[in-house]
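# Tertiary structure, described
Letter by letter, the chains look like this.
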Amino acid sequence: AQSVSQHNHHVILSEAASLELGCNYSYGGTVNLFWYVQYPGQHLQLLLKYFSGDPLVKGIKGFEAEFIKSKFSFNLRKPSVQWSDTAEYFCAVSLIPRAGGGNKLTFGTGTQLKVEL
Amino acid sequence: NAGVTQTPKFRILKIGQSMTLQCAQDMNHNYMYWYRQDPGMGLKLIYYSVGAGITDKGEVPNGYNVSRSTTEDFPLRLELAAPSQTSVYFCASSSPPEVREQYFGPGTRLTVT
C-alpha cells in the first residue's frame with residue numbers, strides 16, 4: 001500500500017523567511033500528488049496539484065512544489081512566508097484512478113507551520 | 001454553490017449512543033468520501049462511494065456504516081459510539097473521470113465521553 005511521509009511535524013518561521021516542507025511517498029507506479037492547507041478552524045483547501053507534465057507546479061498564494069520522480073518527493077516551497085500562512089499543510093497521493101474505481105487519497109501526517117511576526 | 005456541506009458542526013455523544021453525520025454536495029459529483037482526522041495522524045479514509053448505491057471500505061471502517069441512496073447525500077453512521085471515535089470527520093467529493101481533486105466539507109467535531 002502507498003504511504004506518505006512528512007518529515008517536519010512543526011515548523012516555526014519568521015515573516016519573510018523561506019519555506020520548504022518535505023513530502024516523500026512510497027509507490028512505484030504513476031501517482032497524482034497534492035498539497036492541501038488547513039487554516040485554523042477551517043476545512044482543507046487545495047493548494048496545488050501535480051498530475052503530469054512540468055514537474056514544477058505553482059499553486060495559490062505564491063506556493064510551488066517540485067515533483068522529483070527519482071526521489072519520490074514532492075516538496076512544497078514558498079520564497080517568503082507571511083503571518084497568514086500559519087496553518088497545517090498536508091501532502092497527499094493518489095494512484096491513477098481506474099475506471100469506476102474512485103480516487104482514494106493517502107495523506108501524510110501533516111506539518112504545522114507557525115509564522116511569527 | 002454551497003459545495004460540500006456537513007451537519008452538525010459539533011456533537012458530544014455518550015458511549016454506546018448512535019448518531020448520523022450528514023454530508024451533502026451540490027456539484028453532481030459521483031465520488032464521495034468520509035475521512036477522520038486525528039492530531040498528528042493526518043486524514044484516514046473511512047468509507048467511500050463511487051456512485052449512488054455503491055459503497056466500499058477505506059482504511060479505517062470499523063465502527064461505522066454508510067449508505068448512498070442519492071448522488072447528493074452520503075451519511076456516515078456510528079452505531080455504538082466509543083471514545084476511540086472522538087475525532088474530526090470530513091466529507092469530500094470528486095468527479096470522474098479526469099478530475100481527481102477532492103473538495104472537502106467544513107468538518108464535524110465529535111467527542112465521545
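Note: the structure precedes this text.
Notes on the structure in this doc start here. (Residues numbered from 1 in each chain as written. Chains lettered and ligands numbered in written order. Predicted model: local features only at pLDDT ≥ 70, side-chain atom pairs only at ≥ 80, totals over all residues. Heavy atoms only, no water.)

## Some remarks on unusual backbone geometry
- At the junction of T7(B) and P8(B), the peptide bond is cis and its omega measures out at -5 degrees in the coordinates.
- Structurally, the position occupied by P8(B) is in the loop between strand 1 (4-7) and strand 2 (10-13).
- One non-glycine residue, K61(A), lies in positive phi territory at about 60 degrees.
- Mapped onto the elements of the fold, K61(A) is located in the loop between strand 7 (56-58) and strand 8 (64-68).
- Judged by its relative accessible area of 46%, K61(A) is partly exposed. (Helix = DSSP H or I, 4+ residues; strand = E, 2+ residues; numbered from the N terminus. Buried < 20%, exposed > 50% of the residue type's maximum accessible area, 1.4 Å probe, protein only.)

## Topic: the interface of chain A and chain B
- Contacts between the two partners involve 21 residues from chain A, matched on the other side by 18 residues from chain B.
- A combined buried area of about 1700 Å² lies between chain A and chain B, and 58% of that area is made up of carbon and sulfur atoms.
- Counting across the chain A and chain B interface gives one salt bridge.
- Residues K49(A) and E101(B) are paired through a salt bridge, measuring 3.3 Å at the closest nitrogen-oxygen approach.
- Summed over the shared surface of chain A and chain B, the number is three residue pairs in polar contact (both at pLDDT 80 or more).
- Those elements giving two or more residues to the side of chain A that touches chain B turn out to be strand 5 (31-38), strand 6 (45-50), strand 10 (87-95) and strand 11 (105-107) of chain A.
- The greatest single-element share of the side of chain A that touches chain B, amounting to four residues, is contributed by strand 5 of chain A.
- The residue inventory of the side of chain A that touches chain B, partitioned by class, reads nine nonpolar, nine polar and three charged. (Contact = heavy atoms within 4.5 Å. Buried area = accessible area lost by both parts, 1.4 Å probe. Salt bridge = Lys/Arg side-chain N within 4 Å of Asp/Glu carboxyl O. Polar contact = N/O pair within 3.5 Å; in protein donor to acceptor, adjacent residues only side chain to side chain. Nonpolar A, V, L, I, M, F, W, Y, C, P; charged D, E, K, R; others polar.)

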